[in-house]
Amino acid sequence: MGDRGLSAGRMGCGAAKHCRVWENPVGIKVENVSKRFGEFQALEPIDLEVKTGSLVALLGPSGSGKSTLLRVIAGLEQPDTGRIYISARDATAKTVQDRQVGFVFQHYALFKHLTVRRNIAFALELQKWPQARIKNRVDTLLELVQLGGLGDRYPAQLSGGQRQRVALARALAIEPQVLLLDEPFGALDAKVRKDLRDWLRHLHNDVRVTTVFVTHDQEEAMEIADEIVVMSHGRVEQVGSPAEVYENPATPFVMSFIGAVNVLSPDNTWKALHHDAPAHGEVFLRPHDVELFLDPRGASAAATVAHIIHLGWTIRVELTLENGHPITAHINREQYRELGLEAGQQVYLRAKLIHSFAPAPSYASAVA
């Protein structure tokens, strides 16, 4: 798909009622899509575009609507309103098979009685591909997912990470236009998840299939995705690159959900921390934007060291302001040694950068 767009004739749309053409076609377009289950509004009307060949994360807490949106894109759920376009073609009424979508679940869903090779080949056999072509495709995918030589094993003979790679190979076997991953690494331990995140990023760079994955893990989304779609209560709060959503959050929810943050209540204490502090409302302050000193430095506030937690190169310092409000600072080991911090010590802190949102909503939770 080129940058200059496609005509209706070239797309094969003809005079189709819902055919749309965009100057720069996107891999997926969600247009005014909503979904309700009984009394529960799972998705408010949503508009979203996913660029062709990109790797996009749907990020949010449980109940935010991210998995429902993914299932609507896949065709596993039908929207109550709106339309789904895949590669500039209306796919709303199409079956999962007709959408050419590869779907990977959290729990692998492999056929236990079939070998790795047969699991990957399963959909191709249903489509009656010639045996020679199936063999070539499966051999290629086994090498791609770094499982060459393991094709004759059964799922029970593989590790969790290997089984998830088989699931990804099976989804890629049909040469999908779109790859959809629902919490693909959620059932794995931390070390395997980290390894598979790196592997998926490299795999995507090789295959360049438009990919959307669901996660509630902020680090996972920041590490893998080209763009992050932050969701809450069935709504899209913000869409942007990992850097954009972290450095320029659009709402208090995004600010608190993406990375650690201190939320300071509207009193006089935080006004001493930064010269640009607003006249009212809550202030959001990242722990790494808290500077610590042993004596007062201009706009600063006194605090007591409550607890020190060593996290490798990063040291998390939990502090208590004079009004009793807790606040967290992140410093490196070199700063920690220079300050000589210990529990019970009085220090002074100031903010390098603060965030505030107007009009200030009622927002009480803090993540630190």
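Our structure's up above, just so we're on the same page.
Since the model is a prediction, treat every value here as computed from it, not as a measurement. (Residues numbered from 1 in each chain as written. Predicted model: local features only at pLDDT ≥ 70, side-chain atom pairs only at ≥ 80, totals over all residues. Heavy atoms only, no water.)

> How do you make sense of unusual backbone geometry when you look at a structure like this?
The bulk of non-glycine residues show a negative phi, and the bulk of peptide bonds are trans. Even without being glycine, Ala88 reaches a positive phi, approximately 70 degrees. Structurally, the position occupied by Ala88 is in the loop between β4 (81-86) and β5 (89-90). Among the residues examined, Ala88 registers a relative accessible area of 1% and is labelled buried. Positive phi, close to 50 degrees, is recorded for His233, a residue that is not glycine. (Helix = DSSP H or I, 4+ residues; strand = E, 2+ residues; numbered from the N terminus. Buried < 20%, exposed > 50% of the residue type's maximum accessible area, 1.4 Å probe, protein only.)

> Whenever I open this one, the sheet that holds β5 confuses me. Can you help?
Backbone-to-backbone hydrogen bonds pair the strands of a sheet. The strands run either parallel or antiparallel. As summarised here, the arrangement of the four strands in space is β2-β1-β4-β5, forming an open sheet in which the pairing is antiparallel. Lying at the two open borders of the sheet, with one neighbouring strand each, are β2 (40-50) and β5. Relative to β5, β4 runs antiparallel, the two sharing two bridges. Looking at the pairing, Ile86 lines up with Arg89 of β5. Along the sheet face, helix α2 (residues 66-74) touches β1 (28-37), β2 and β4 and points at about 120 degrees away from the line of β1. (Pairing = 2+ DSSP bridges. Contact = heavy atoms within 4.5 Å. Axes fitted to C-alpha atoms, helices over the stretch in contact; angles between N-to-C directions.)

> For this particular structure, what's the right way to read α2?
Because an α-helix completes one turn every 3.6 residues, residues spaced three or four positions apart along the sequence face the same direction. Of all the nine residues making up α2, seven are buried; the element is thus mostly covered by neighbouring parts of the structure. All of the buried residues in α2 are Lys66, Thr68, Leu69, Leu70, Val72, Ile73 and Ala74. Phi turns positive one or two residues past the end of α2, at Gly75, with a value near 95 degrees.

> Help me understand the sheet that holds strand β6 (residues 101-104), please; the structure alone is not making it clear to me.
Spatially, β6-β7-β8-β3-β9-β10 is the arrangement adopted by the six strands of the open sheet, whose pairing is mixed. At either margin of the open sheet sits one strand with a lone partner, and together these are β6 and β10 (235-240). If you compare each strand with its neighbour and ignore which way they point, the axes differ by 15 degrees on average. Judged from the five bridges that link them, strand β3 (residues 55-59) and strand β8 (residues 210-215) form a sheet pairing that is parallel. Bridging across to β8, Val56 finds its partner in Val212. Strands in contact with α2 are β3, β6, β7 (178-182), β8 and β9 (227-232); relative to β7, the strand with the most contacts, it is inclined by about 150 degrees. Here helix α5 (residues 160-173) sits on the sheet in contact with β6 and β7, set at roughly 165 degrees to β6.

> Any chance you could explain the nonpolar core here in plain terms?
Judged by nonpolar contacts, the single largest core of 45 residues is most densely connected at Ile120 and Leu179. Among the elements that line this core, the one with the most residues is α5, at seven residues. Every residue in contact with Ile120, bar those within four places of it in the chain, is listed here: Val138, Leu141, Leu142, Val166, Ala169, Arg170 and Ala173. Ile28, Leu48, Leu70 and Leu180 belong to the second-largest nonpolar core, a separate cluster that totals 25 residues. (Core = buried A, V, L, I, M, F, W, Y, C linked by side-chain atoms within 4.5 Å.)

> Could you clarify how one ought to interpret the pattern of salt bridges in this entry?
Throughout the structure, instances matching the rule amount to 17 salt bridges. Between Lys135 and Asp139 there is a salt bridge; the shortest N-O distance is 2.8 Å. Of this pair, Lys135 and Asp139 are both found in helix α4 (residues 131-144), four residues apart, which corresponds to roughly one turn of the helix. The closest approach of N and O atoms between Glu223 and Arg197, which form a salt bridge, is 3.3 Å. With Glu223 in helix α7 (residues 218-224) and Arg197 in helix α6 (residues 190-207), this residue pair connects regions lying 26 residues apart in the sequence. Arg197 gets classed as buried once you look at its relative accessible area, which sits at 5%. (Salt bridge = Lys/Arg side-chain N within 4 Å of Asp/Glu carboxyl O.)

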